Amino acid sequence: MARQLRTGIYPGTFDPMTNGHLDIIRRALTLVDHLVVAMGINATKAPMLSFEERAALIEAEAGPIAKKLGAKITTASFSGLVVDAADAHGANVIIRGLRGGIDYEYEVQMVGMNRSMNPRVETVFLAASPETQFISSTLVRQIAGMGGDISRFVPKRVEKKILAKVAKQRKS
């Protein structure tokens, strides 16, 4: 009997993808055969980067890692419940990164809600690496917007894209 592929979903906004996200993706790819990086679309929020830009950056940065590990990575968008997105992509595990205690409290509550809505989907927490646990997309956008150096927090491709966006916004 053939082994069933393990598919996981890693939901978030990834606006922008940070070194912390990339660390979680790298580690998740050792746990699943296929990782769907699912970007939540919220009609009330205007992201700095479009879905297409975020997807291209994720695929460019994480694709080689997946290939090296013999896994598959894809990107997708979703606008509803993450458990429904998991079902839509055949995922039986949700990957969540934890930066600290505040994340943990929120995420544990979400696990309970998700499990009650869809008991077939399990959640796995991956603790952020010490060198990335303080990084957040929000802070990266704020630092970039104020002219600060974001090179330590995001991959080089992401840095270039964010700085180009900030420069364009300043010209407008």
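Preceding block: the structure.
For clarity, every value in this text was computed on a predicted model and none was experimentally measured.

Attention shifts here to the overall build of the protein. The secondary structure content of the protein amounts to six helices and five strands. Reading the helices (α) and strands (β) of the protein from amino to carboxyl end gives β-α-β-α-β-α-β-α-β-α-α. Over its C-alpha trace the protein gives a radius of gyration of 16 Å, about what one expects of a compact globule, namely 16 Å for 172 residues. Considered along the principal axes of its C-alpha atoms, the protein spans approximately 60 × 35 × 30 Å. A separation threshold of at least 6 residues defines the contact pool for the protein, and within that pool the share at least 24 residues apart is 77%. When the accessible area of the protein is evaluated, it comes to approximately 9,700 Å², of which 56% is carbon and sulfur surface. One way to put it: in the protein the 23 positive side-chain charges average out to a point 6 Å from where the 16 negative ones average out.

The next thing to look at is the sheet that holds strand 1 (residues 7–12). Spatial strand order, 3-2-1-4-5: five strands in an open sheet with parallel pairing. The sheet terminates laterally at strand 3 (72–78) and strand 5 (122–127), the two strands that pair on one side only. Neighbour-to-neighbour, the strand axes of the sheet open up by a mean angle of 30°, direction not taken into account. The sheet contact formed by strand 4 (residues 93–98) and strand 5 spans six bridges and is parallel. Bridged to Gly97 within strand 5 is Leu126. In this fold helix 1 (residues 19–28) packs onto strand 1, strand 2 (34–40), strand 3, strand 4 and strand 5, with an angle of close to 125° to the strand it touches most, strand 5. Sitting on the sheet, helix 2 (residues 51–69) is in contact with strand 2 and strand 3, with an inclination near 160° to strand 3.

Looking at the element boundaries, Thr132 is found in the loop between strand 5 and helix 5 (137–145). What Thr132 contacts, discounting residues up to four positions off in sequence, is Asn19, Gly20 and Asp23.

This paragraph deals with the packing of helix 2 against helix 6 (residues 156–171). Between helix 2 and helix 6, the shortest axis-to-axis distance is 10 Å and the interhelical angle comes to 160°. Relative to helix 6, the element helix 2 is oriented roughly antiparallel. Crossing handedness for the pair helix 2 and helix 6: right-handed. Contacts between helix 2 and helix 6 involve Glu53, Leu57, Ala60 and Glu61 on the former and, on the latter, Arg157, Val158, Lys161 and Lys165. Split by residue class, the contact of helix 2 with helix 6 holds three nonpolar, no polar and five charged.

What follows concerns helix 6. If you check helix 6, its first and last C-alpha atoms are 23 Å apart, about what 16 residues at 1.5 Å a residue would give, namely 22 Å. Of the residues making up helix 6, those classed as buried are Val158, Glu159, Ile162, Lys165 and Val166. In an axial view of helix 6, the angular spread of the buried residues amounts to 130°, which keeps them on one side of the axis. Exposed and facing more than 90 degrees away from the buried side of helix 6 are Lys156, Lys160, Lys168 and Lys171.

What counts as what
Going along each chain's sequence as written, the residues are numbered from 1 onward. Totals for whole chains, interfaces and linings use every residue, but because this is a predicted model, local features are given only for residues with pLDDT of at least 70 and side-chain atom pairs only at 80 or more, for both listing and counting. In computing side-chain values, all of the structure's heavy atoms are included and hydrogens and water are not. Helix numbering and strand numbering both begin at the N terminus, where a helix is a DSSP run of H or I of at least 4 residues and a strand a DSSP run of E of at least 2. Each radius of gyration is computed over the set of C-alpha atoms, and the globule rule expresses the reference value as 2.2 Å times the number of residues to the power 0.38. Note on contacts: a residue pair qualifies if any of its non-hydrogen atoms lie within 4.5 Å across the two residues. Using a 1.4 Å probe, accessible areas were evaluated by the Shrake-Rupley method; residue-level cover was limited to the displayed protein chains. Residues scored as charged are limited to Lys and Arg (positive) and Asp and Glu (negative), so that His and the chain ends carry no count. Where a charge sits is defined by one atom per residue type, namely NZ (Lys), CZ (Arg), CG (Asp) or CD (Glu). At least two DSSP bridges between two strands are needed for those strands to be called paired. For every element, the axis is a line fit to its C-alpha atoms; helices are fit only across the contacting stretch, and the angle between N-to-C directions ranges from 0 to 180 degrees. An angle below 35 degrees is treated as roughly parallel, one above 145 as roughly antiparallel, one from 65 to 115 as roughly perpendicular, and anything else as oblique. By convention the crossing between two helices is left-handed if the near helix lies anticlockwise of the far one by an angle smaller than a right angle, and right-handed if it lies clockwise. We call Asp, Glu, Lys and Arg charged. Ala, Val, Leu, Ile, Met, Phe, Trp, Tyr, Cys and Pro are nonpolar, and the rest, Gly among them, are polar. Working rule for helices: expected span equals 1.5 Å times residues minus one. In this scheme, a residue with accessible area under 20% of its type's maximum is buried, one over 50% is exposed, and one in between is partly exposed, where area comes from a 1.4 Å probe on protein chains only. In this context, the arc is that of the directions from the helix axis out to the C-beta atoms.

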